[in-house]
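# Notes for the structure review
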Amino acid sequence: MNIKENLARVQERINAAARRAGRDPADVKLVAVTKTIPVEIINEALDLGVFCLGENKAQEFLCKQPLLRQDIEWHFIGHLQTNKVKKIIDKVSLIHSLDRWSLAEAISRAACEAGITARALIQVNVAGEATKYGLSPAEAGGFARAAAALPGLELCGLMTIAPVCDDPGEVRYVFRQAAELARRMKDNIRGIKMDILSMGMTGDFEIALEEGANLIRLGAALFGARN
Ligand SMILES: *Cc1c(COP(=O)(O)O)cnc(C)c1O
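Residues numbered from 1 in each chain as written. Predicted model: local features only at pLDDT ≥ 70, side-chain atom pairs only at ≥ 80, totals over all residues. Heavy atoms only, no water.

## Considering the nonpolar core
Put simply, the rule is: Residues grouped as a nonpolar core are buried Ala, Val, Leu, Ile, Met, Phe, Trp, Tyr and Cys residues, joined through side-chain atoms within 4.5 Å. When accessible area is computed with a 1.4 Å probe and restricted to protein chains, residues below 20% of their type maximum are described as buried, those above 50% as exposed, and intermediate ones as partly exposed. For the purposes of this entry, the term helix denotes a DSSP run of H or I that reaches at least four residues, the term strand denotes a run of E that reaches at least two, and both are numbered from the N terminus. Whether two residues are in contact is decided by their heavy atoms: any pair within 4.5 Å suffices.
The biggest cluster of nonpolar side chains holds 72 residues, and the ones touching the most others in it are L98, I122 and M185. The greatest single-element share of this core, amounting to seven residues, is contributed by helix α7 (residues 172-188). Apart from residues no more than four positions distant in its own chain, M185 is found in contact with I122, A140, G141, A144, L158, I192 and M194. With eight residues, the next largest nonpolar core counts V31, L121, C156 and M159 among its residues.

Written as structure tokens, this is what we have:
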């Protein structure tokens, strides 16, 4: 596995997909998902200019974070237990996985105690998969309206994970609906930004980009398949 080549290929694919959609590739931010990847390999990616990293488990993030460069922009992308919020709140730049009210309250409380404003994306489960976290699109508006009033919490957009499919074209509707939902929320709810659409992984990021993603989360495409 050659991270440099993987990164170059990914960048080409991002550029091509963005152009197809009439978008500027520079508006797309790449989060390198480093779950299960050892620190030495992560350092290789950092040396190649990667600067946003994503982890999905608080424990693993807290183990790795002190061992890596301190200017990394960390993204928390996994289901977050409320009792872990305090430990990560001042170390992450964006929480992608705000998926329930108790977590919104815990983030708000921890951010206020730390004297910071925490940035978060609401995770929406567009396909309604029982195995995935996230609010239904129908719930998301009311949830956002209430969460926007919590101190210390800034809602920045939406995150979604599409079902695994052999043909990523089959999940285009998931990305399209998430983008449409973000637009509606931005127009209708005061005090929320909704500028970030975190969607697209190794198997489907080009489709997500065509539908408006501006934050993509790639693991395998950069580091190879995980065991
Ligand atoms: C693991 C993971 C990714 C990256 O998945 P790949 O298929 O390896 O690109 C993206 N988002 C979340 C939430 C993840 O847990």
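After that view of the structure, there is still more to cover.
## Comments concerning the packing of helix α6 (residues 137-147) against α7
Put simply, the rule is: Between the N-to-C directions of two axes lies an angle of 0 to 180 degrees, each axis being a line fitted to C-alpha atoms and, for a helix, fitted only over the stretch in contact. Each angle is binned into one of four classes, with values under 35 degrees roughly parallel, values over 145 roughly antiparallel, values of 65 to 115 roughly perpendicular, and all other values oblique. Left-handed describes a crossing in which the near helix is turned anticlockwise from the far one by less than a right angle; the clockwise case is right-handed.
At a minimum axis distance of 11 Å, the contact between α6 and α7 shows a crossing angle of 30 degrees. As far as their axial angle goes, α7 and α6 are roughly parallel. Note that α6 runs across α7; the crossing there is right-handed. Each of P137, A140, G141, A144 and R145 in α6 lies in contact with α7, whose residues at this interface are L181, M185 and N188.

## A word on the site of the ligand
The condition is simple: A cutoff of 4 Å decides nearness: a residue is near a molecule or strand if any of its heavy atoms lies inside that distance of it. Distance and chemistry together define a polar contact, namely a pair of N or O atoms within 3.5 Å, with one atom able to donate a hydrogen and the other to accept it when in protein, and with adjacent residues in sequence counting only for side-chain atoms on both sides. To measure how exposed things are, a 1.4 Å probe is used in the Shrake-Rupley method; for residues, cover is taken only from the protein chains shown. Amino acids outside the nonpolar list (Ala, Val, Leu, Ile, Met, Phe, Trp, Tyr, Cys, Pro) and the charged list (Asp, Glu, Lys, Arg) are all regarded as polar, and Gly is one of them.
Around the ligand, the structure places V33, K35, N56, I77, I161, M201, T202, R217, L218, G219, A220 and R226. With respect to the ligand, the side chain of K35 contributes an N or O atom lying 2.7 Å from an oxygen atom. At a separation of 2.5 Å, an oxygen atom of the ligand approaches a polar side-chain atom of T202. For the ligand, whose accessible area on its own is 390 Å², the fraction buried by protein is 89%. For the shell around the ligand, the class distribution of residues is six nonpolar, three polar and three charged.

## Some remarks on the environment of A225
Position of A225 among the secondary structure elements: in the segment after α9 (220-223). Note on A225: relative accessible area 71%, which makes it exposed. In the structure, A225 is positioned 23 residues away from T202 in sequence and 9.8 Å away in space, judged by C-alpha atoms.

## Description of the environment of L209
Within the secondary structure, L209 sits in helix α8 (residues 205-210). Each residue touching L209, except ones within four places of it in the same chain, is listed here: I14, A17, A21, R23, V28 and I216.

## Overview of the packing of aromatic side chains
Formally: Side-chain rings of Phe, Tyr and Trp, where Trp is taken by its six-membered ring, are said to pair if the distance between their centres is within 6.5 Å; with planes under 30 degrees apart they count as stacked, over 60 as edge-to-face, and otherwise as tilted.
The tally for this structure, following the rule as stated, stands at two aromatic pairs. Relative to W74, the ring of F61 lies with its centre 5.0 Å away and its plane at 75 degrees, an arrangement referred to as edge-to-face. With F61 in helix α3 (residues 58-64) and W74 in strand β3 (residues 73-76), the pair connects residues that are 13 residues apart, well separated along the chain. Each member of the pair F61 and W74 is classed as buried. Ring geometry for W101 against F143: centres 5.9 Å apart, planes inclined by 90 degrees, an arrangement best described as edge-to-face. Taken together, the residues W101 in helix α5 (residues 101-114) and F143 in helix α6 connect sequence positions 42 residues apart. Among the residues examined, F143 registers a relative accessible area of 9% and is labelled buried.

## Observations regarding the pattern of salt bridges
Here is the rule: Basic side-chain nitrogens of Lys or Arg form a salt bridge, by our definition, when they fall within 4 Å of a carboxyl oxygen of Asp or Glu.
Inspection of every chain in the model, using the stated rule, returns 17 salt bridges. For K64, the salt bridge identified is with E60, shortest N-O distance 2.7 Å. With K64 and E60 both in helix α3, this residue pair falls four residues apart, about one helical turn. Look at K64 and you get buried, because its relative accessible area is 7%. The exposure class of E60 is partly exposed, given its relative accessible area of 21%. Residue R183 pairs with E180 through a salt bridge whose shortest N-O separation is 3.2 Å. Remark: E180 and R183 occur in helix α7; sequence separation between them is three residues, near one turn of the helix. The class of E180 is partly exposed, set by a relative accessible area of 33%. A network of salt bridges, in which partner residues are shared, links R20, R172, R176, E210 and E211.

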